[in-house]
Amino acid sequence: MSSHFFLLPAITFLFFILLCPTSSLNAVSGPTKHRHEVIVAHHGAVATDDRRCSRIGMEVLREGGHAVDASVASALCLGVVSPASSGIGGGAFMLLRLSSGKAQAFDMRETAPLKASEVIQITLLKSSLDCYSFSDMYAGNAALKGEGALSIAVPGELAGLYKAWEQHGRLPWKRLVRPAERLAHLGFKISPYLHSRWSIQIIRDLGR
């Protein structure tokens, strides 16, 4: 499998967080027409696309963590169990609404390498006799923007999560990283979506 698949240069996820003055959770479930259940939380809730990561976030809140603590722990978990959708090799946005009513946003999207805007001379060997020079880093090949070494930007997710935690976090950073570290170390059952994404990538790589 090609290494660039795991770096995921264009991964983005968005957090919508309501910051509450207390960390205790009190949820009540009830049926609806469109979903099997609806959760009504009086003091806080965590929602991700993987139940394991949602539970990790809830545990953080129950321990007295801030909503940002729960978001950090949940995001790191998603990077392990759902690397085709998010992860520390990509970027993110975080949108907060503080208890004061003030809004705050963190832009953690990937950035181009420092010298990416400079003119780079690249020579491509078309045949044993003909050489062609181009003055841009993609050498006139737009496909290189989406795949391969030149498609990789500088990841921003981890730095952004850490900055948000520095400003609002309550629990130790190690406590937030530990659940994702444990999943990565012990292994986990992959989702049908991740299985399909990896299968597609393996087939593509074998066809090269």
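Residues numbered from 1 in each chain as written. Predicted model: local features only at pLDDT ≥ 70, side-chain atom pairs only at ≥ 80, totals over all residues. Heavy atoms only, no water.

**Here we look at the overall build of the protein**
The secondary structure content of the protein amounts to six helices and seven strands. Of the regular secondary structure in the protein, the N- to C-terminal order runs α-β-β-β-α-α-β-β-β-β-α-α-α. Within the span of the protein, comprising 208 residues, buried residues form 35% of the whole. Counting only contacts in the protein whose residues sit at least 6 apart along the sequence, the fraction spanning at least 24 positions is 62%. Carbon together with sulfur atoms contributes 59% to the accessible area of the protein, which is approximately 13200 Å² in total. (Helix = DSSP H or I, 4+ residues; strand = E, 2+ residues; numbered from the N terminus. Buried < 20%, exposed > 50% of the residue type's maximum accessible area, 1.4 Å probe, protein only. Contact = heavy atoms within 4.5 Å. Areas by Shrake-Rupley, 256 points an atom, 1.4 Å probe, with all protein chains shown as cover.)

**A look at the packing of helix α2 (residues 51-62) against helix α5 (residues 173-186)**
Look at α2 against α5: their axes get within 11 Å of each other, and the N-to-C directions meet at 150°. By the angle between their directions, the pair α2 and α5 is classed as roughly antiparallel. Our pair here, α2 against α5, has a crossing hand that is right-handed. On the side of α2, the interface is formed by Ile56, Glu59 and Val60, while α5 contributes Arg175, Leu176, Pro179 and Leu183. Looking at the contact of α2 with α5 residue by residue, the classes come out as five nonpolar, no polar and two charged. (Axes fitted to C-alpha atoms, helices over the stretch in contact; angles between N-to-C directions. Parallel < 35°, antiparallel > 145°, perpendicular 65-115°, else oblique. Left-handed = near helix turned anticlockwise from the far one by under 90°. Nonpolar A, V, L, I, M, F, W, Y, C, P; charged D, E, K, R; others polar.)

**A word on the nonpolar core**
Formed by 28 residues in total, the largest nonpolar core has its most connected members in Val72, Met94, Leu161 and Leu176. Of all the secondary structure elements, the ones that give two or more residues to this core are α2, α3 (67-81), β4 (93-97), α4 (157-168) and α5. At ten residues, the largest contribution of residues to this core is made by α3. (Core = buried A, V, L, I, M, F, W, Y, C linked by side-chain atoms within 4.5 Å.)

**Some points on the state of the cysteines**
The full count for this structure, using the stated rule, is one disulfide. With its sulfur 2.1 Å from that of its partner, Cys53 forms a disulfide with Cys77. What sets the handedness of the Cys53 and Cys77 disulfide is the S-S torsion sign, and at about -75° it is left-handed. With a gap of 24 residues between them, Cys53 in helix α2 and Cys77 in helix α3 connect regions that are remote in the sequence. This pair shows no difference in class: Cys53 is buried, exactly as Cys77 is. (Disulfide = S-S within 2.5 Å.)

**Considering the UniProt feature "binding site: L-glutamate" (unreviewed entry) in the protein**
If you check UniProt for "binding site: L-glutamate" (unreviewed entry), the listed places come out as Arg109 in our numbering. Within the element layout of this structure, Arg109 appears in the loop between β5 (103-107) and β6 (122-125). (UniProt positions renumbered as here; feature names shortened; annotations may be inferred.)

**Observations regarding α5**
Each α-helix winds once per 3.6 residues, and so residues spaced three or four apart point in a common direction. With 14 residues, α5 extends 20 Å from end C-alpha to end C-alpha; this agrees with the ideal 20 Å at 1.5 Å per step. The largest bend along α5 reaches roughly 30° and is located at Pro179. Considered for burial, the residues of α5 that qualify are Trp173, Arg175, Leu176, Pro179, Ala180 and Leu183. Tucked inside the fold, the buried residues of α5 contact α2, α3 and α4. At the C-terminal side of α5, Gly187 shows a positive phi close to 90°. (Expected span 1.5 Å × (residues − 1). Bend = angle between axes of the 7 residues up to and from the residue.)

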